[in-house]
Amino acid sequence: MSLLANRLQRETAFPSWLFPSTVPNRAVNGWLTKCIAPLPLFFNLSLSPSYHQTLDTKDLKVSKVTANGQAAKFTLGPKHSFMGTPLEITLPFDLSRGQHVIVEVTYETAPNASALQWLTPEQTAGKKHPYLFSQCQATHCRSMVPCQDTPAMKHTYYAQVSVPKELVAVMSAVRDGEEPDPQDSSRAIYRFRQPVPMPSYLIAIVVGALESREIGPRSRVWSEKEFVDKAAYEFSETETMLKTAEGLAGPYVWGQYDILVLPPSFPYGGMENPCLTYATPTLLAGDRSLSNVIAHEISHSWTGNLVTNKTWEHFWLNEGHTVYLERMIGRSMESEQFRQFKAMGGWKELQESVNTFGANNPLTNLVPNLNEVDLDEAFSSVPYEKGFALLYHLEELMGGPEVFMGFVKSYIQLFSYSSITTEEWKHYLFTYFKNKVDILNKVDWNAWMHTPGMPPVKPQWVSLTISLENHSPGCYTFDEWDVKTLSTHQLIEFLSLLLQQEPLPLSHVKRMQEVYQLNSFNNAEIRFRWLRLCVKSKWEDAVPMALKMATEQGRMKFTRPLFKEVYNFDKYHEEAVRVFVAHRAAMHPVTANLVAKDLKVDNDKST
């Protein structure tokens, strides 16, 4: 979705980025980040005879551009509603073939930069210091730095970040030292380097009152001190997961694997930034039951970060393979039955996404057309679970998990450090399984790739739901042991099954609470499903709890459905809007924008 992705990948190599200073200053209209970004660029004379370069920007205030120290002309093109504005740079000198040019852009980010969320001290756990974090996927990096904001381009980067000395900076890179800021004794400079080429959406920066704990020989967990020990316990299996993934996919090339637990407003479960995985605090269940999200983010170190989708239409290459590898990690650490159980749950999530978008919506294609589509609005479980379902189907056809994992490992080795399309993946699939081409030719590739709705083939899962079926919605007998005998994953699956049915009678939901005491569960996955079930059944007592969960954290997986459930409860339609408007300023920009659309709130009147 880069404004100029195709043009940029032909014309330019982009080996590194440098941020000499990132300085937060309080301004009248909010927080600004003043940056100087020297961008080493190569200009292809045969393709760019007038020595122009175009970068993606969004709401950046560019004040100066130089090339090798000389002032360069620049213009900002027409603004697109969600893709931003192209920055056109003209060099002030003639070029010789292959000449290396340093283009330095001085700019400020906007207070409402979509990649950045600035938290006041009151919005943090410690209540004493502000907090900054970035989230660039899919095309928000351009609101933080002028760049080639497309996954087709990969680059290394180096950064220096100046922050108040009571705060700590971390980035999606290897830490490369710190020192007092020579220009301001009240500040410190943190240095970072990322020697492995990666796309712009993986740039990440966090500044806050952070502490860390070692959780393995190459891993630390970071968060505010109020959560750091709890996070260290929750993610103590990280090194085991890393070793398991290496055994499946090959060496881990990124050096450090740290996890940072963000404030509650972070809109996703996790984010696979190299060297610094983001994690939502909703994973801190106290029993490590939700750590499969970390297995997912670890898997991205190979599928997504090393082998990357060339454009966002091919996002399933990132996510489908990552879900497959995540579940293979679960298979190695738990059992094949555990893998199948998680796959069954994923199928239900896919069904819900298809129901939400509509079975004929082209955004439910595995390879959708994203021309003029805001990628935030297209986000769903489709590339994850429809992608996994295809890979699992191919696994069954090709000879089982060991055989197909051999292909996945070979695929990673072949395409590491590059960005590819579905056609390239498919061509290698046929090459690798050259003795089984007749079987592959029988796959309905058009139905899988380019047809909306559910996949053409439903995998044949091993039957693992006997205990759940005994408590199906048609059997309304309640005993406290129904829940006590279920694992966390089984209880999540049980509530998911109920959500797929017609709303339960209110009397039954009340009886479930009386016997099972589900309101007392703090596990976010369980609580989310239970509150949705209650609101669907028109239990008014659950509405305040649902709105509280929707606003006390900002994970879109939870926040958007909870708001929508309350909004669809006619009596509380206006209450859902009122609560959203009251909390909107504290939400992440992406979350706020999408919930506003869900609730049909006029963006211009809800600030």
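For every chain, the first residue of the written sequence is number 1, and numbering continues from 1 along that sequence. In keeping with the model being predicted, local features are shown solely for residues with a pLDDT of at least 70 and side-chain atom pairs are shown and tallied solely at 80 or more, while totals for entire chains, interfaces and linings include all residues. With hydrogens and water set aside, each side-chain value is computed from the structure's full complement of heavy atoms.

Novice: Break down the side chain of Ser381 for me, citing the residues and quoting the values.
Specialist: Helix and strand assignments come from DSSP, with helices taken as H or I runs of at least 4 residues and strands as E runs of at least 2, each series counted from the N terminus. Along the chain, Ser381 turns up in the loop between helix H7 (375-378) and helix H8 (382-398). Polar contact is defined as a pair of N or O atoms within 3.5 Å, subject to the rule that within protein one atom must be able to donate a hydrogen and the other to accept it, and that residues adjacent in sequence are counted only when both atoms are side-chain atoms. Only 3.2 Å separates the side chain of Ser381 from the backbone oxygen of Glu349, close enough to count as a polar contact. At 2.7 Å, the side chain of Ser381 forms a polar contact with the side chain of Ser353. Once residues lying within four places of it in the same chain are set aside, the contact partners of Ser381 are Glu349, Leu350, Ser353 and Lys386. Two residues qualify as a contact provided that any one of their heavy atoms is within 4.5 Å of a heavy atom in the partner residue.

Novice: Give a description of the pattern of salt bridges that names residues and reports values.
Specialist: Salt bridge, as used here, is a side-chain nitrogen of Lys or Arg placed within 4 Å of a carboxyl oxygen of Asp or Glu. Evaluated as defined, the whole model comprises 30 salt bridges. As a salt-bridge pair, Asp229 and Arg213 come within 2.9 Å of each other at their nearest N and O atoms. Of this pair, Asp229 sits in helix H2 (residues 225-234) while Arg213 is found in strand E17 (residues 210-216), placing the two residues 16 residues apart along the sequence. Under the relative-accessibility criterion, Asp229 is labelled partly exposed at 48%. Partly exposed residues are those whose accessible area sits between 20% and 50% of the maximum for their type, while under 20% is buried and over 50% is exposed, using a 1.4 Å probe and protein chains only.

Novice: How would you explain the nonpolar core if you had to name every residue and give the values?
Specialist: As used in this record, nonpolar core signifies buried Ala, Val, Leu, Ile, Met, Phe, Trp, Tyr and Cys residues forming a set joined through side-chain atoms within 4.5 Å. Residues Phe235 and Trp425 are the most contacted members of the largest nonpolar core, which totals 184 residues. Not counting chain neighbours up to four residues away, the residues in contact with Phe235 comprise Ile215, Val221, Ile259, Val261, Ala279, Leu283, Leu284 and Ile294.

Novice: With reference to specific residues and values, describe unusual backbone geometry.
Specialist: Put simply, Gln137 and Ala138 share a cis peptide bond, and its omega is 5 degrees. Among the secondary structure elements, Ala138 is positioned in the loop between strand E11 (131-134) and strand E12 (155-164). Here Cys275, not a glycine, exhibits a phi torsion of approximately 70 degrees, which is positive. Notably, Arg288 is not glycine yet its phi reads approximately 60 degrees, a positive angle. Topologically, Arg288 is positioned in the loop between strand E21 (276-279) and helix H4 (292-299). Since its relative accessible area comes to 28%, Arg288 is described here as partly exposed.

Novice: Could you give an account of helix H5 (residues 315-333), with specific residues and numbers?
Specialist: Helix span, expected: 1.5 Å multiplied by one less than the number of residues in the helix. Compared with the 27 Å implied by 1.5 Å per residue over 19 residues, the 27 Å span of H5 between its first and last C-alpha is a close match. Counting buried positions over the 19 residues of H5 gives 16, a clear majority of the element.

Novice: Could you give me a rundown of the pairing of E21, with the residues and numbers involved?
Specialist: A two-sided burial pattern is seen for E21, the buried positions comprising Leu276 and Tyr278 on one face and Thr277 and Ala279 on the other. Any two strands between which DSSP finds at least two bridges are classified as paired. Pairing of strand E20 (residues 270-271) with E21, which is carried by two bridges, proceeds in the antiparallel orientation. Its bridge partner lying in E21, Met271 is registered against Tyr278.

Novice: Tell me what's going on with the sheet that holds strand E8 (residues 85-90), and back it up with residues and numbers.
Specialist: Within the open sheet, the three strands sit side by side as E4-E8-E7. Their pairing is antiparallel. Every interior strand has two partners, whereas the edge strands, strand E4 (52-57) and strand E7 (73-76), have only one. Averaged over neighbouring strand pairs, the angle between their axes works out to 20 degrees when direction is ignored. One ladder, built from six bridges, connects E4 with E8; its direction is antiparallel. Its bridge partner being in E8, His52 is matched across the sheet by Thr90. For helices, the axis comes from a line fit to the C-alpha atoms of the stretch in contact; other axes are also lines fit to C-alpha atoms, and the angle between any two N-to-C directions lies between 0 and 180 degrees.

Novice: Describe the environment of Thr109, and please don't skip the residues or the numbers.
Specialist: Looking at the element boundaries, Thr109 is found in the loop between strand E9 (100-108) and strand E10 (116-119). Accessibility expressed as a relative area gives 2% for Thr109, which makes it buried.

Novice: Describe in detail the side chain of Asp258, supporting the description with residues and values.
Specialist: Checked against the element boundaries, Asp258 lands in strand E19 (residues 258-261). Since its relative accessible area comes to 1%, Asp258 is described here as buried. Aside from chain neighbours lying at most four places away, what touches Asp258 is Arg175, Arg218, Ser219, Arg220, Trp222, Cys275, Leu276 and Thr277.

Novice: Give a description of the sheet that holds E10 that names residues and reports values.
Specialist: On the basis of which strands lie adjacent, the open sheet formed by four strands has the order E10-E11-E16-E13 and antiparallel pairing. Single-partner strands in this sheet number two, and they are E10 and strand E13 (168-171). Ignoring which end each strand starts from, the neighbouring axes of this sheet average 15 degrees apart. The pairing of E11 with strand E16 (residues 205-208) spans two bridges and is antiparallel. Bridged to Leu132 within E16 is Val207.

Novice: If you had to explain empty space enclosed by the protein to someone new, which residues and values would you point to?
Specialist: The way it works is a 1 Å grid over only the protein atoms, where trapped points that fit a 1.4 Å probe form a cavity and open points with protein on both sides within 12 Å along at least five of seven lines form a pocket, and then any residue with an atom within 4 Å of a point lines it. Grid points are joined across faces, edges and corners, and a volume is the space filled by probe spheres set on the points. Going through the model one piece at a time under the given rule, you end up with seven cavities of 30 Å³ or more. Roughly 310 Å³ of volume is contained in the largest cavity. Elements with a minimum of two residues in the lining of the largest cavity: H5, H7, H8 and helix H21 (589-598). Per-element tally for the lining of the largest cavity: the top contributor is H7, with three residues. Throughout this entry, Asp, Glu, Lys and Arg are counted as charged residues, while Ala, Val, Leu, Ile, Met, Phe, Trp, Tyr, Cys and Pro are counted as nonpolar. The remaining residues, Gly among them, count as polar. Classifying every residue of the lining of the largest cavity by side-chain character gives 17 nonpolar, four polar and two charged.

Limitation: the analysis is restricted to geometry and does not speak to function.
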